[in-house]
Amino acid sequence: MDSYLINKVPKETLVQLEQFSAYLKDYRKTRNSYESVIKTINILKELICASDWVTAGELIKIIKTYSKYLPLIQSNETVVSNVIRRVLKIIREENEGPDATSFSEGLAIFFRSDSKSSNIGRAELQDNILNSIVELLAEQENSKSSIITMALEHIHANELILTYGHSNTVREFLLHGRKKRNFRVVVCESGPTVKGHQMAKELSEGGIETTLISDSSAFAIIHAVNKVIIGTHTIMADGALRAPNGAHQLALAAEHFSVPVIVCAALYKLSPTHLCSYDQDAFNKIIGPENLINFSNSKLHAKVLASNPEFDYVPSDLIELFITNTGGHAPSYLYRIVSELYHPHDNDLDNMCVEESDEESEMT
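Bear in mind the structure is a predicted one, so any value in this text is a computation, not a measurement.

Colleague: I tried to follow the sheet that holds strand S2 (residues 184-188) on my own but got confused; where do I start?
Modeller: Two strands in a sheet stick together by hydrogen bonds in their backbones, pointing the same way (parallel) or opposite ways (antiparallel). Spatial ordering of the open sheet is given by S3-S2-S1-S4-S7-S11-S12, a layout of seven strands whose pairing is mixed. Sheet topology places strand S3 (209-213) and strand S12 (327-329) at the edges, where each strand pairs with a single neighbour. In this sheet, neighbouring strand axes are inclined to one another by 25° on average, regardless of whether the strands run parallel or antiparallel.

Take a look at the structure:
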């Protein structure tokens, strides 16, 4: 841990911070995004309450310093970064008080110093921040229910819907639509992990007529499909997706036959960053090839280099609609939501220049 954190955070809290970092590093543990979001909010609440800070600038520096030690890139947990940014935005807004600016004054926010003076003491500021974090926590807890209640607006009787792999949100979305609509679902198995098998089983048990197909069969059947509904790991700021491997070819097939692609995802998956398909080191994650090749054939294994990327880059122009916990949004509207959720200074969590300059100005 950084010496700055050691001086600002009690030992008991440092232990909790280390445990959360170890949780993110445990690649063997199967996590869903919602679980990571709740754990992140709780650890940030503990950090805010226990650390030694006086001004909002000091608190922001503590949180940003801690975020540098989290394995965010290695674990591909973009939702953790997004929650940290949301909390930093809350801190700034509460520090500014009731005169906090709105989106219409976004340019002024961007150029304004974070050191805007506030007469609020630590106790009052901390209470205001924690109250807002409680609201943030409630928003995340209700995100899935807010999404699935919109199922009847987008699913109609006797439709044929295509989905890919396994997504908890998409599963609940389809099952909710089944309560009042009769429709059929085709599930692509999503090789090589074949998580679509579990999805097909759960949908079938929920009373939906379900057909499981191989990924290579998607192009042959998609002309008869009414819409494609998928989940995603991350939504980029421009509306592109970091989706499970194979989603790009499915989206291309849907575009060829003019079939709309709908993405169901909570807004905690919306990231203010832009990543490109050619920047694979920052964008993708290469996982073990055990699902691709048979290790029992040692002679073949010695001559083969297998690359097994976990994600696909899906451009925003292949997406018709995002269904989020705040409603349906076109990809072109996401920039507005990004500006409302995050502060421009927090897009890069490693950027410390603003907070450090604030502290220096206060000392002089």
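From this point, the narrative continues.
Colleague: Is there a simple way to explain the nonpolar core in this structure?
Modeller: Generally speaking, soluble globular proteins have nonpolar side chains that are buried together. Core analysis: the biggest nonpolar cluster contains 61 residues, and Ile 48, Ile 63, Val 87, Ile 91, Phe 173, Leu 174 and Ile 229 have the highest contact counts within it. Broken down by element, this core gets its largest block of residues, eight residues, from helix H6 (residues 78-96). Excluding residues within four positions of it along the chain, Val 87 makes contact with Leu 44, Ile 48, Ile 63, Ile 133 and Leu 136. Formed by 35 residues, the second largest nonpolar core is a distinct cluster that contains Val 186, Ala 251, Ile 319 and Val 338.

Colleague: Explain the pairing of strand S10 (residues 311-314) to me, please; I cannot follow it from the model alone.
Modeller: Residues in a regular strand project their side chains so that they alternate between the two faces of the sheet. By the alternation rule, side chains of S10 split into Phe 311 and Tyr 313 and Asp 312 and Val 314, which are all buried. With four bridges joining them, strand S6 (residues 241-244) and S10 adopt antiparallel strand pairing. Bridge pairing links Ala 243 to Asp 312 in S10.

Colleague: Before we go on, may I ask you to explain the pattern of salt bridges in this structure?
Modeller: Oppositely charged side chains can form a pair if their charged atoms are brought close together. Applying the stated criterion across every chain yields a total of nine salt bridges. A salt bridge links Glu 202 to Arg 171, with the nearest nitrogen and oxygen atoms 3.0 Å apart. Of this pair, Glu 202 sits in helix H12 (residues 196-205) while Arg 171 sits in helix H11 (residues 168-178); the two residues are 31 residues apart in sequence, bridging distant segments of the chain. In terms of burial, Glu 202 and Arg 171 fall into one category: buried. Among the ionic pairs, Glu 340 bridges to Arg 336, the shortest N-O distance being 3.2 Å.

Rules of the game
Residues numbered from 1 in each chain as written. Predicted model: local features only at pLDDT ≥ 70, side-chain atom pairs only at ≥ 80, totals over all residues. Heavy atoms only, no water. Pairing = 2+ DSSP bridges. Helix = DSSP H or I, 4+ residues; strand = E, 2+ residues; numbered from the N terminus. Axes fitted to C-alpha atoms, helices over the stretch in contact; angles between N-to-C directions. Core = buried A, V, L, I, M, F, W, Y, C linked by side-chain atoms within 4.5 Å. Buried < 20%, exposed > 50% of the residue type's maximum accessible area, 1.4 Å probe, protein only. Contact = heavy atoms within 4.5 Å. Salt bridge = Lys/Arg side-chain N within 4 Å of Asp/Glu carboxyl O.

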